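Residues per chain are reported as follows:
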Amino acid sequence: MEEKEISPAESLDIIKSMIDTAKNKLADDGFLIVFWGWLVFFAALINYTGVLLQTDAAYFVWPILMPLGGIISVIYSRRRAKKGIVRTYIDSYLGYSWTAFIIAMSVTLVCMPVHGMPTTYFFLMILYGMATLISGGILNFRPLIIGSLFSFVCAVASVFLGTSEQFLCLAGSVLFSYIIPGHLLRSQYKSQVNV
Amino acid sequence: MFKDLDPLLHSQLRLAVVSLLVSVKKAEFTYLKEQTKATAGNLSVQLQKLKDADYIEIEKSFKDNYPLTTCKITKTGIKAFEEYVKNLKQYINQ
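Bear in mind that the values here come from a model prediction, so they are computed numbers and not experimental data.

Re the overall build of chain A
Turning to step 1, where the next piece is worked out: The secondary structure content of chain A amounts to eight helices and one strand.
Turning to step 2, where the next piece is worked out: Listed by position from the N terminus, the elements making up chain A come as α-α-α-β-α-α-α-α-α.
Turning to step 3, where the next piece is worked out: Taking 195 residues into account, the globule formula puts the C-alpha radius of gyration at 16 Å, and chain A, at 20 Å, lies well above it.
Turning to step 4, where the next piece is worked out: Its C-alpha atoms put chain A at 80 × 30 × 30 Å along the principal axes.
Turning to step 5, where the next piece is worked out: In chain A, which comprises 195 residues, the share counted as buried stands at 28%.
Turning to step 6, where the next piece is worked out: Residue pairs in contact within chain A that sit at least 24 positions apart in sequence constitute 69% of those at least 6 positions apart.

What to know about the overall build of chain B
Turning to step 1, where the next piece is worked out: Each helix and strand in chain B was counted, giving four helices and three strands.
Turning to step 2, where the next piece is worked out: Considered along the principal axes of its C-alpha atoms, chain B spans approximately 55 × 25 × 20 Å.
Turning to step 3, where the next piece is worked out: Within chain B, the fraction of its 94 residues that count as buried is 34%.
Turning to step 4, where the next piece is worked out: Across chain B, the fraction of contacts at a sequence separation of at least 24, relative to all contacts at a separation of at least 6, is 56%.

A closer look at the interface of chain B and chain A
Turning to step 1, where the next piece is worked out: Contact residues are listed per partner, giving 24 residues for chain B and 23 residues for chain A.
Turning to step 2, where the next piece is worked out: Here the side of chain B that touches chain A is composed, by residue class, of 11 nonpolar, eight polar and five charged.
Turning to step 3, where the next piece is worked out: Taken together, the three bridges between strand β1 (residues 86-88) of chain A and strand β1 (residues 24-28) of chain B define a ladder with antiparallel strand orientation. Note that in β1 of chain B the partner of Thr-88 of chain A across the bridge is Val-24 of chain B.

A closer look at the sheet that holds β1 of chain A
Turning to step 1, where the next piece is worked out: Taken in spatial order, the four strands make up an open sheet running β1(A)-β1(B)-β3(B)-β2(B), and their pairing is antiparallel. Strands at the two margins of the open sheet, each flanked by one partner only, are β1 of chain A together with β2 (56-63) of chain B. Averaged over all adjacent pairs, the angle separating strand axes in this sheet is 20 degrees, with direction ignored.
Turning to step 2, where the next piece is worked out: Sheet topology note: the β1 of chain B/strand β3 (residues 66-73) of chain B ladder contains two bridges and is antiparallel. Bridge pairing in β3 of chain B links Ala-27 of chain B to Cys-71 of chain B.
Turning to step 3, where the next piece is worked out: In the packing of helix α2 (residues 29-36) of chain B onto the sheet, the strands contacted are β1 of chain A together with β1 and β3 of chain B, and the crossing angle to β1 of chain B comes to about 95 degrees.

Concerning the environment of Thr-132 of chain A
Residue and element names in this part refer to chain A.
Turning to step 1, where the next piece is worked out: Looking at the element boundaries, Thr-132 is found in helix α6 (residues 117-139).
Turning to step 2, where the next piece is worked out: Thr-132 sits 55 residues away from Ser-77 along the chain, and the two C-alpha atoms are 18 Å apart.
Turning to step 3, where the next piece is worked out: Not counting chain neighbours up to four residues away, the residues in contact with Thr-132 comprise Leu-144, Gly-147, Ser-148, Ser-151, Ser-177, Tyr-178 and Pro-181.

Details of unusual backbone geometry
Turning to step 1, where the next piece is worked out: Residue Asn-140 of chain A is not a glycine yet carries a positive backbone phi of 55 degrees.
Turning to step 2, where the next piece is worked out: Tracing the chain through its elements places Asn-140 of chain A in the loop between α6 and α7 (142-159).

What counts as what
- Residues numbered from 1 in each chain as written.
- Chains lettered and ligands numbered in written order.
- Predicted model: local features only at pLDDT ≥ 70, side-chain atom pairs only at ≥ 80, totals over all residues.
- Helix = DSSP H or I, 4+ residues; strand = E, 2+ residues; numbered from the N terminus.
- Rg over C-alpha atoms; globule rule 2.2 N^0.38 Å.
- Buried ≥ 20, exposed ≤ 12 C-beta atoms within 10 Å, placed from the backbone.
- Contact = placed C-beta atoms within 7 Å.
- Nonpolar A, V, L, I, M, F, W, Y, C, P; charged D, E, K, R; others polar.
- Pairing = 2+ DSSP bridges.
- Axes fitted to C-alpha atoms, helices over the stretch in contact; angles between N-to-C directions.

So this is what it looks like as structure tokens:
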């Protein structure tokens, strides 16, 4: 870009093109949404199978897979933050909403012995829905917004079902709110990067 | 009566930089260089002018042992940009 005399109309073009450049950068690659979606999906199904087979061993899938997922997420987020050469307001809003989600989820899990499993899974699905709805709104990504509604539906459905079926509700919740919209978000992000 | 356009912003590169910084929270020197397609030398000079006017903040640090320059718009910069756009409208609508 050279230094030269510019007209008011050219000024307006510069402003518009630069604002568009910053705005069109899709802030999220969807990796963590897809990753957690599959992790919770498999954990819920393993747990469901365990209940069907009447073995308590399957419950251990949570304290093993979830902290492992947490470690991988922290490593991934740190690497991504290092690579990023620009921090948009969208990055900041997403960061805060997911931090709030993680805190809310941890508090809910810590209180599980008091509230019992059914109430805990109900709240987890509500939180899943809330987090994806907020992210979908911030990113202006419709599949995430629509997908989030399934988590609310699954949460309500879980209240009327038995404990074992709650695992199926949980798997359904992450399938529609995380896995499907997450993969769509990833493919859109990749096509944007490849343009 | 048309108001004069802020000479500091009425420059192709400085205006591009400020427009970018208005849209993002903070940006690295590399990002600004990529988006504006300016040379490193020219960009450095223009950033310094914007910093001297207190329109932007420049933070120098290190990332993986390499020097890292990060830029962020200030409240004065946002106000100046808004004023510039307001005055620009008068010229466009004349």
